[in-house]
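# Coordinate analysis (summary)
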Amino acid sequence: MLPFDVKFKPGAPAYEQVVYAVKKAVITGALKPGDPFPSVRALSQELRINPNTVQKAVATLCEESLLRVRPGIGTVVAELGPASRADKAALLRDEVERLVVEARKLHLDSADIIEAVREHWARLASDQPAYDERYRVK
Amino acid sequence: MMNAIASSDLRRRYGRTAAVDGLNLSVPLGSIYAFLGPNGAGKTTTIKMLLNLLRPTSGSSEVLGTPSQRLGPAEFTRIGYVSENQQMPEWMTLRQLIAFCRPLYPTWNDPLCHKLVSSFELPLDIPLRHLSRGMRMKAALLVALAYRPKLLVMDEPFTGLDALVRDEVISGMLEVTEQEQWTVFISSHDIDEVERLADWVGILDGGHMYLSESAAALQARFRRMEAVTVDPARLPARPPKSWLAPDVTPHRFTVVETEYVGGASEQRVADAIAGAEQIAAAEMTLREIFLALARTFRIRP
């Protein structure tokens, strides 16, 4: 079993979806600094995707300092360095742009997005299941 | 040697029908190559000629540097072949089949063999004829993988397998990927089966290659372009040559751009479609690219 979950959706490249899943696992704490990261072969077998795709995802994650190669041990989840707030924000620039573009396509305004972001933030922070309270069976 | 498989003007006729009609194929070493095409496109005929199981009417091919027609027992120790209609000694048990195959291959790897027996959950002592189709396919793959071939050729390996067995077959196949320059050539009529597996894609139609390209190159040049139009959109009389399937609904324009260049392609939409706004380009999966091509050129997917 993998320490994180990838549900492939059509559209985005597979390697980006793997990168995203790992980032999410690191942020939510499912992967912790020092945790061993699965080998390229294990990952490609488990996800049944091309090993080169996995290699590309791992290379990207290493470049972004989320993973680190430790000689003789393998790939591990990195300690997140004391990056500046600006550095961290820069990591999200593309995602924010995409979100804004999508929102405009749907004719939503910025208040709608901010509200949706707040909701998601709270959900992850409180580790609540990802469904809306309104749909809970009483 | 850069290619694991190469063919030049390969042809095979059956009477007046050309099953394979001047095929030029290059499969790079180290790739997982999806050989796609509808049933009857000539995939099996091609594979049989490549592996010297069928003589071509004309043309030539090479596999791992050896001309196909000179492939013999020595070369087949480096090639694994699994087909939809695999011939196997049905009266043997898997244990007997393994004992039979093992001495034929100098590179036979016992630990890998044992690992595959257990991950495929195959019974060792039941005659193969009593096994299900999926189990027989896994048994065939097992004896083709256990000697770590340099090239694995699979002809429609997933036909008739349920999703669970298909996943097992793919995982088993990927077991061997540790090897450097390991090449897999899979034929399939269904892009879904190989979409995230392949890094090279060839589409065979009417006996010749319609397209053969790396997945990365294909995905770099294909984009689904969308725009919103204030007034009802109208298509230009002569749309750009790189456009596939341009389409308008009253306030929306979509097209598949086959030669995407960031900026220039968006400009091309703006120039061709009056009043186009919010022009966006989205990356496409191999499946979406295949379907767009199939629809336009009537390749039956």
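Structure first, text after, so check above.
Below: a short report on this structure.

Here we come to the overall build of chain A. Secondary structure assignment for chain A yields six helices and two strands. Out of the 138 residues in chain A, the part that is buried amounts to 20%. Look at the contacts in chain A between residues 6 or more apart in sequence, and 50% of them connect residues 24 or more apart.

Moving on, we get to helix α6 (residues 163-174) of chain B. Relative to the 16 Å expected for twelve residues at 1.5 Å per residue, α6(B) spans 17 Å between its end C-alpha atoms, a close match to the ideal helical length. Buried within α6(B) are the following residues: B:Glu168, B:Val169, B:Ile170, B:Met173 and B:Leu174. For α6(B), the elements touching its buried residues are α2 (40-47) and α3 (51-63) of chain A together with α5 (133-145), β7 (151-155) and β8 (183-188) of chain B.

Residue and element names in this part refer to chain B. Relative to the elements of secondary structure, threonine 249 occurs in strand β12 (residues 243-249). Under the C-beta neighbour-count criterion, threonine 249 is labelled exposed, with 10 such atoms within 10 Å. It is 21 Å that separates the C-alpha atoms of threonine 249 and methionine 284, two residues lying 35 residues apart in sequence.

The subject of this paragraph is the packing of α5(B) against α6(B). The relative placement of two packed helices is expressed as an angle between their axes plus a distance between the axes. All names here are of chain B. Look at α5 against α6: their axes get within 10 Å of each other, and the N-to-C directions meet at 0 degrees. Classified by the interaxial angle, the pair formed by α5 and α6 is roughly parallel. Residue-level contacts link Gly134, Met137, Lys138, Leu141 and Leu145 of α5 to Val165, Glu168, Val169, Gly172 and Met173 of α6. Class assignment for the residues of the contact of α5 with α6 results in six nonpolar, two polar and two charged.

In this fold, B:Ala217 is placed in helix α7 (residues 215-221). Taking the C-alpha atoms as reference points, B:Ala217 and B:Asp21, 196 residues apart in sequence, are found 26 Å from one another.

Next up on the list: the interface of chain B and chain A. Accessible area lost when the parts come together is the quantity often used to give the size of an interface. Listed per partner, the contact involves 20 residues of chain B and 17 residues of chain A. Looking at the side of chain B that touches chain A, the elements with two or more residues in it are α6, β14 (276-283) and α9 (286-297) of chain B. Of the residues that constitute the side of chain B that touches chain A, the class distribution is seven nonpolar, five polar and eight charged.

A separate point is helix α1 (residues 14-28) of chain A. All names here are of chain A. Here α1 spans 21 Å end to end across 15 residues, near enough to the 21 Å set by a 1.5 Å rise per residue. By the burial criterion, the buried members of α1 are Ala14, Tyr15, Gln17, Val18, Val19, Val22, Ala25 and Val26. Looking at the packing, one finds that the buried side of α1 touches α3 and β2 (74-77). Phi turns positive, to about 90 degrees, at glycine 29, one or two residues after α1.

Scoring rules and cut-offs
Residues numbered from 1 in each chain as written. Chains lettered and ligands numbered in written order. Predicted model: local features only at pLDDT ≥ 70, side-chain atom pairs only at ≥ 80, totals over all residues. Helix = DSSP H or I, 4+ residues; strand = E, 2+ residues; numbered from the N terminus. Buried ≥ 20, exposed ≤ 12 C-beta atoms within 10 Å, placed from the backbone. Contact = placed C-beta atoms within 7 Å. Expected span 1.5 Å × (residues − 1). Axes fitted to C-alpha atoms, helices over the stretch in contact; angles between N-to-C directions. Parallel < 35°, antiparallel > 145°, perpendicular 65-115°, else oblique. Nonpolar A, V, L, I, M, F, W, Y, C, P; charged D, E, K, R; others polar.

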